[in-house]
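Residue-level listing of the chains:
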Amino acid sequence: MRPPSRLLRRALGCTAIAIGLCPACAASSEGQALFGTNLGFGPDADRFGAHLERGVIDRASRTGHRWTFAVEMGLSKWTTSKDGRKSAWQASAVPFVRLWRGRFYGEFGIGASVFSVRSVGTQELGSSFQFCDHLGAGYEWSGTQRLGIRLSHFSNARIASPNDGLDLIQIVYTRAL
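Residues numbered from 1 in each chain as written. Predicted model: local features only at pLDDT ≥ 70, side-chain atom pairs only at ≥ 80, totals over all residues. Heavy atoms only, no water.

1. As for empty space enclosed by the protein
As a reminder of what qualifies: Of the grid points, spaced at 1 Å and generated over the protein atoms alone, those admitting a 1.4 Å probe that cannot get out make up cavities, while open sets with protein on both sides within 12 Å along at least five of seven lines make up pockets; any residue with an atom within 4 Å of a point is treated as lining. Grid points are joined across faces, edges and corners, and a volume is the space filled by probe spheres set on the points. Strands here are runs of E lasting at least two residues and helices are runs of H or I lasting at least four, both read from the DSSP assignment and numbered beginning at the N terminus. Ten residue types, Ala, Val, Leu, Ile, Met, Phe, Trp, Tyr, Cys and Pro, are classed as nonpolar, four, Asp, Glu, Lys and Arg, as charged, and the remainder, Gly among them, as polar.
Tallied over the full model, the rule gives 3 cavities of 30 Å³ or more. Its volume calculated, the second largest cavity comes out at about 70 Å³. Taken together, 13 residues make up the lining of the second largest cavity; nearest its centre are Arg47, Glu72, Ser92, His134 and Arg150. Looking at the lining of the second largest cavity, the elements with two or more residues in it are β2 (46–60), β3 (66–79), β4 (87–101), β8 (129–141) and β9 (145–155). Of the residues that constitute the lining of the second largest cavity, the class distribution is 4 nonpolar, 6 polar and 3 charged.

2. So, the pairing of β3
Counted only if it meets this: Strand pairing is assigned whenever DSSP detects at least two bridges linking the two strands.
Relative to β3, β2 runs antiparallel, the two sharing 14 bridges. The partner of arginine 54 across the bridge, within β3, is valine 71. Following β2, the chain reverses through 5 residues before pairing antiparallel with β3; glycine 64 in that reversal takes a positive phi of roughly 95°. Bridge count for β3 against β4 is 14 bridges, and the pairing is antiparallel. Note on β4: the bridge partner recorded for methionine 73 is alanine 93.

3. Overview of the side chain of asparagine 38
The condition that has to hold: Here a polar contact means two N or O atoms within 3.5 Å. Within protein one must be a hydrogen donor candidate and the other an acceptor candidate, and residues neighboring in sequence count only if both atoms are side-chain atoms. Should any heavy atoms of two residues lie within 4.5 Å, those residues are counted as being in contact.
As for its placement among the helices and strands, asparagine 38 is situated in strand β1 (residues 33–41). Reaching out from asparagine 38, the side chain makes a polar contact with the side chain of glutamine 170 at a distance of 2.9 Å. Among all residues touching asparagine 38, those that are not within four sequence positions of it are Arg47, Phe48, Gly49, Ala50, His51, Ser76, Gln170, Ile171 and Val172.

4. Side note on the nonpolar core
The test is simple: The nonpolar core is taken to be a set of buried Ala, Val, Leu, Ile, Met, Phe, Trp, Tyr and Cys residues, with the residues joined through side-chain atoms within 4.5 Å. Exposure classes here rest on a 1.4 Å probe applied to the protein chains alone. A residue is buried below 20% of its type maximum, exposed above 50%, and partly exposed in between.
Core analysis: the biggest nonpolar cluster contains 13 residues, and Trp78, Ala88, Phe115, Val120, Phe154 and Leu166 have the highest contact counts within it. Only β4 and β10 (166–176) provide two or more residues apiece to this core. Broken down by element, the residue count for this core peaks at 3 residues, all from β4. Setting aside its immediate chain neighbours within four residues, tryptophan 78 contacts Ala45, Asp46, Arg47, Lys86, Ser87, Ala88, Gln90, Phe115, Val120, Phe154, Leu166 and Leu168.

5. Details of the sheet that holds β3
Adjacent strands of a sheet form backbone hydrogen bonds with each other and so pair up, either parallel or antiparallel. Put simply, the rule is: Helix axes use the C-alpha atoms of the stretch in contact, all axes being lines fitted to C-alpha atoms, and the angles between their N-to-C directions lie in the range 0 to 180 degrees.
Judged by pairing direction, the barrel is antiparallel, and its 8 strands sit side by side in the order β1-β2-β3-β4-β5-β8-β9-β10 before closing back on the first. Averaged over neighbouring strand pairs, the angle between their axes works out to 25° when direction is ignored. In this sheet, β9 lies alongside β8 in antiparallel orientation, the contact comprising 11 bridges. Considered in β9, the bridge of glycine 136 is made with arginine 150.

Written as C-alpha cells, this is what we have:
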C-alpha cells in the first residue's frame, strides 16, 4: 500500500488545525466532542471512515422540537473490486444541520473533501477536490450515542472534467467522547 499523497497529508494537517483552532468548533453546544464511524456501500466503491464532530448551535423551539448545527471532520478509506484504482483516501469537512423531534432526527450537510487520487475503480472524479452532499435520518439514545443512515453523493460539481462522482448509502454511529 502506498503512503498518502502530499496533497492528502496537507489536507489532514489543515483538518487537524481547523479542529483545534476553529472558534466555532471549540466545543459542542453541550461541551462535548463527538467521535463517529461510518460504513458506506455504493455501486462503484465502498467507504469506511472515522470523524470528529463539534457542535456549534443547539436551539429548542417552544413546541419541543430543536435544531442543531455541527461541523464534522473526517478521514475515510474507499475500496473497490472493479477495474482501475482499487483504493483511495479522503479527508472531509462537512457542516450539518439536524432537525430533531424527540430522539429522532433528520439531517443534511454539504461540504468539501479532498481525495488522494482522481479516480476510484472505473469512476473518474476529474480532480482531487470533491463536494460532498449528505441527506440522512437517525435516532439518539441515552443522550450520548446516535445511529443513523445517510445517502451521500461526492462529485466536483462540474468544476473539472470528467465528473463521474460517487454515491453511497452509509450507516453512521456517533458517540460522545
